[in-house]
Amino acid sequence: PALAKLVLGKTVMLSGGDCGVDDVEVLETNTGTEVEYCVTVENVGAGDAGSVVLSDPDAFATDQSLGNIASGAPKKVIKSQPVIITVTGETINTATVTWINDEDPAQTTGTASDTAKVVAALAVEACPDEYQALVDGTIQGAEDFFGFAALYDPTAPERVSLCAPSGSEGIQCN
């Protein structure tokens, strides 16, 4: 029988980009950044694919039903909703597509997968304005250790701010 053969491609880009233009296989960014994933599915086989389902739990809340994809049909492009990167280091995201070979009496199935990778570094932000006055009134230069405060937001662990008293000269590192 004529069998379907689906080819799946997976890429990632900064949120707001266009699939096929701004997407890459490996994206280097900072934590706290919103990204979107692009998935392409194409049937390059001789038969039709039925009951096609895209699974990507890190990019989509539920599996995506793509219906049937005929042999030679145009490539389908699916873009995820924005995803916030909250982990430093490498995050590998895998998408999988499954299907049934419609023209096979045994109704055999097929599977294809691909990955995209985000490499995120922790970005240190400037001191938020609402905390600068507190820092100015609390830290007395070098007598309070190194004369700065690092703020960590427990509700957004990808955010770290560095605060120094206004007008401080800082400490030179050698």
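Residues numbered from 1 in each chain as written. Predicted model: local features only at pLDDT ≥ 70, side-chain atom pairs only at ≥ 80, totals over all residues. Heavy atoms only, no water.

K.L.:
Can you tell me about the overall build of the chain, naming the residues and giving the values?
P.N.:
In terms of helices and strands, the chain carries one helix and twelve strands. Ordered by position from N to C terminus, the α and β elements of the chain give β-β-β-β-β-β-β-β-β-β-α-β-β. Scored against the burial criterion, the 174 residues of the chain give a buried share of 34%. About 10100 Å² of surface is accessible on the chain, with carbon and sulfur atoms providing 53% of the total. (Helix = DSSP H or I, 4+ residues; strand = E, 2+ residues; numbered from the N terminus. Buried < 20%, exposed > 50% of the residue type's maximum accessible area, 1.4 Å probe, protein only. Areas by Shrake-Rupley, 256 points an atom, 1.4 Å probe, with all protein chains shown as cover.)

K.L.:
Mind laying out the state of the cysteines, listing which residues take part and the relevant values?
P.N.:
Note on terminology: a disulfide is the covalent bond linking the sulfur atoms of two cysteines. Taken as a whole and judged by the stated rule, the model has one disulfide. Paired by a disulfide, C19 and C38 hold their sulfur atoms 2.1 Å apart. The S-S bond linking C19 to C38 shows a torsion near -85 degrees; that makes this disulfide left-handed. Of the two residues, C19 is situated in the loop between β1 (6-14) and β2 (26-30) and C38 in strand β3 (residues 34-43); the sequence distance between them amounts to 19 residues. (Disulfide = S-S within 2.5 Å.)

K.L.:
Hey, could you go over the sheet that holds strand β8 (residues 89-101) for me, with residue numbers and the actual values?
P.N.:
One open sheet accounts for five strands, arranged β2-β9-β8-β4-β5; its pairing is mixed. Of all strands in the sheet, those bounded by a partner on one side alone are β2 and β5 (64-69). When strand polarity is set aside, the average angle formed by the axes of neighbouring strands in this sheet is 25 degrees. The pairing of strand β4 (residues 49-55) with β5 spans four bridges and is classified as antiparallel. Residue pairing for β5: V53 is matched across the bridge by S65. (Pairing = 2+ DSSP bridges. Axes fitted to C-alpha atoms, helices over the stretch in contact; angles between N-to-C directions.)

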